[in-house]
Amino acid sequence: MHHFQYRGNTLFCEDIPIGTIAEAVGTPFYLYSHATLTQHFRAFDGAFEGMNHVTCFSMKSNSNQAILNLFAREGGGVDIVSGGELYRALKAGVDPGKIVYSGVGKRAEDLEYAVKSDILMFNTESSQEILRLNEVAGKLGKKARVGIRVNPDVDPQTHPYISTGLKENKFGIDIRKAPEEYTRAAGMENLLVSGISCHIGSQLTLLSPFVDTLSRLKDLIQELDRAGIHIEYLDLGGGLGITYDQEEPPHPKEYAGAIREGLGKNDLVLILEPGRVIMGNAGILVTKVLYTKATDEKRFIIVDAAMNDLIRPTLYGSFHGIQPVDDSGRDKFKADIVGPICETGDYLARDREVEAFEPGELMAVMSAGAYGFSMSSTYNSRPRVAEVMVKGDQYYIIRARETYEDLVRGEMIPDFLR
Ligand code: LLP
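Cut-offs used in this document
Residues numbered from 1 in each chain as written. Predicted model: local features only at pLDDT ≥ 70, side-chain atom pairs only at ≥ 80, totals over all residues. Heavy atoms only, no water. Buried < 20%, exposed > 50% of the residue type's maximum accessible area, 1.4 Å probe, protein only. Helix = DSSP H or I, 4+ residues; strand = E, 2+ residues; numbered from the N terminus. Arc of directions from axis to C-beta. Contact = heavy atoms within 4.5 Å. Domains from an automatic or database assignment. Buried area = accessible area lost by both parts, 1.4 Å probe. Pairing = 2+ DSSP bridges. 1 Å grid on protein atoms, 1.4 Å probe; cavity = no way out; pocket = protein on both sides within 12 Å on 5 of 7 lines; lining within 4 Å. Points joined across faces, edges and corners; volume = space filled by probe spheres on them. Nonpolar A, V, L, I, M, F, W, Y, C, P; charged D, E, K, R; others polar. Axes fitted to C-alpha atoms, helices over the stretch in contact; angles between N-to-C directions. Parallel < 35°, antiparallel > 145°, perpendicular 65-115°, else oblique. Left-handed = near helix turned anticlockwise from the far one by under 90°. Phe/Tyr/Trp six-rings, centres within 6.5 Å; stacked < 30°, edge-to-face > 60°. Core = buried A, V, L, I, M, F, W, Y, C linked by side-chain atoms within 4.5 Å.

Novice: What is the right way to read helix H4 (residues 83-91) from this model?
Specialist: Because an α-helix packs 3.6 residues into every turn, residues spaced three or four apart end up facing the same way. All of the buried residues in H4 are Gly83, Glu85, Leu86 and Ala89. For H4, the angular spread of buried residues about the axis comes to 155°, placing them on one side. Those residues of H4 that are buried are in contact with helix H3 (65-73), strand S6 (77-80), strand S7 (99-101) and helix H5 (108-116). Once H4 finishes, glycine 93 follows within two positions and takes phi at roughly 95°, a positive value.

What follows is the structure, encoded as structure tokens:
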């Protein structure tokens, strides 16, 4: 259950009509429900109760500091993939002892920043990176805790762009090569080798790929144990899917149940990196209809949000529900919902049966809390939109709408052009 529901004909976020917020902050904007965020975090984290675990929210899905702070208060950590994410997380009050760092291309300066910050673990993805981390930690006179991200070659059966655990993907180290990498790393002076990690893909709607992966990782852990390398941290990554349209993903309880069963009894500390399952349905994008028009072929509803604000439909062909903020039970028609950007790929929905929207009306683009704002850009010199959080009958701007000055910040015209 999320907290974007109709009362009468009017769409509310918790106890506020969305139109009231739109009047105050303008459109478009991202809107998050505090109650939904809290409920989703607790449902996920609580499903692992009784198991020694850390829920490290995958902040690439949404990196607003207010949201990170909320999860940190709930006891969560974060999964980061860049120095910028580390900066945000620390600034938002996340405990560095609950930060794990993945990614195939960590720069030396980012490794250094993370070693200095005493994060929980580096999920390394190549032998060269392991060497580099050893070097960096040595220079700083520290020991870095290391896990190897293994590529288990399991098909997550999701969109190819968000599949990460197949052997043709760039991620991790081939699970068959992992033992030799572990042995090498264990011999390095400045590394504490005690973790193993994986992330096989995103928006998974089946449990079997998770279960298969876990069983492969367990075999590896046993093999390493026999070689005298003891794994303490098992990081299973993120990937649990959500309902955008008709999908029926497993509930976090079923997911946790399958992991509990697959893992059996042991002393491992489990790390989980959920992003979408917590954020996705806790946020929407609110936009205003500018114009409508029809050709012989099609109807178009032109709105003030565009692919720079929410790129998922055009990048992955993703479905996002389209709902009127004022639902007075009008006729429906089939239309493309498009933005003002000069690209044919600029759409939020295609050939969608929607209410007969009129110019000036507000539209809610649903399930946009994950990979919405965080993937937005300023293409076509469109300032990034505002982000708002609702709690009960109050709303709070958690990121101001960018201004035209923000757009040109840092740009310079060299003297020879003046
Ligand atoms: N851990 C790692 C190492 C990851 O790479 C990811 C996501 C996650 C955790 C979180 O996955 P989640 O629980 O959110 O599925 N932009 C795409 C999704 C890309 C996911 C990238 N990695 C989208 O909008 O669908």
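We are not done yet, so read on.
Novice: Teacher, can you tell me more about the domain arrangement of the protein chain here?
Specialist: By a frequent convention, interface size equals the accessible area lost on bringing the separate parts together. Considered domain by domain, the protein chain is made up of domain 1 (4-32 + 281-408) and domain 2 (34-279). Tallying the contact residues gives 22 residues for domain 1 and 23 residues for domain 2. In total, about 2,000 Å² of surface goes out of reach between domain 1 and domain 2, with carbon and sulfur atoms giving 58% of it. Broken down residue by residue, the surface that domain 1 buries against domain 2 is led by Asn281, Tyr316 and Tyr371, which jointly contribute 28%.

Novice: Just checking my understanding: could you explain the sheet that holds strand S2 (residues 10-13) for this structure?
Specialist: Pairing between the strands of a sheet is mediated by backbone hydrogen bonds and can be parallel or antiparallel. Ordered by their spatial adjacency, 3 strands build an open sheet running S1-S2-S3, and the pairing between neighbours is antiparallel. Looking along the sheet, the strands with just one partner apiece sit at the ends: strand S1 (4-7) and strand S3 (16-17). Sheet topology note: the S1/S2 ladder contains 4 bridges and is antiparallel. The residue bridging tyrosine 6 from the neighbouring strand is leucine 11, located in S2.

Novice: Mind showing me how you'd approach empty space enclosed by the protein here?
Specialist: In this approach a probe as big as a water molecule rolls over the atoms, and the regions it shows empty are the leftover space. Applying the stated criterion across every chain yields a total of 1 cavity of 30 Å³ or more. If you trace the largest cavity, you find it lined by Cys198, Ile200, Phe210, Thr213, Leu214, Leu236, Tyr255 and Ile259. Those elements that provide at least two residues to the lining of the largest cavity are helix H8 (208-226) and helix H9 (252-263). Looking at the lining of the largest cavity, the element that brings in the most residues is H8, giving 3 residues. Taken together, the residues that form the lining of the largest cavity break down as 7 nonpolar, 1 polar and no charged.

Novice: Help me understand the packing of H8 against H9 in this model?
Specialist: A pair of packed helices can be characterised by two numbers: the angle between their axes and the separation between those axes. Interaxial distance between H8 and H9 falls to 10 Å at its minimum, and their mutual angle equals 25°. Between H8 and H9, the interaxial angle falls into the category roughly parallel. In terms of crossing hand, the pair formed by H8 and H9 is right-handed. Mapping the contact onto sequence places Phe210, Val211, Leu214 and Lys218 in H8 and Tyr255, Ala258, Ile259, Gly262 and Leu263 in H9. Each residue belonging to the contact of H8 with H9 can be placed in one class, and the counts come to 7 nonpolar, 1 polar and 1 charged.

Novice: Which parts of the structure should I look at to understand the packing of aromatic side chains?
Specialist: Given two aromatic rings, one states the distance between the centres and the angle between the planes to describe the pair. What the rule picks out here adds up to 9 aromatic pairs. With 5.9 Å between their ring centres and 40° between their planes, phenylalanine 44 and tyrosine 255 make a pair best called tilted. Here tyrosine 255 lies in helix H9 and phenylalanine 44 lies in helix H2 (residues 34-47), a separation of 211 residues in the sequence. Pair check on accessibility: phenylalanine 44 and tyrosine 255 agree, each one buried.

Novice: Could you clarify how one ought to interpret the nonpolar core in this entry?
Specialist: Looking at soluble globular proteins, one finds that nonpolar side chains tend to be buried together. Among the nonpolar cores identified, the biggest contains 97 residues, and Phe48, Tyr182, Leu234 and Ile301 are the most heavily contacted of them. When residues of this core are assigned to their parent elements, the largest contribution, 6 residues, is made by H8. Residue contacts for leucine 234: discarding those within four places in its chain leaves Ile196, Leu214, Leu217, Ile221, Leu263, Leu268, Val269, Leu270 and Ile271. Ile18, Leu31, Val325 and Ala364 belong to the second-largest nonpolar core, a separate cluster that totals 19 residues.

Novice: Can you walk me through unusual backbone geometry in this structure?
Specialist: Here the residue pair threonine 27 and proline 28 is connected by a cis peptide bond, since its omega of -10° sits within 30 degrees of zero. On the secondary structure map, proline 28 appears in the loop between helix H1 (18-25) and strand S4 (29-33). With a phi angle near 50°, glutamate 14 is a residue other than glycine that sits in the positive phi range. Mapped onto the fold, glutamate 14 is located in the loop between S2 and S3. A positive phi angle, near 55°, is found at aspartate 153, a position not held by glycine. By the secondary structure assignment, aspartate 153 is in the loop between strand S9 (144-151) and strand S10 (173-174).

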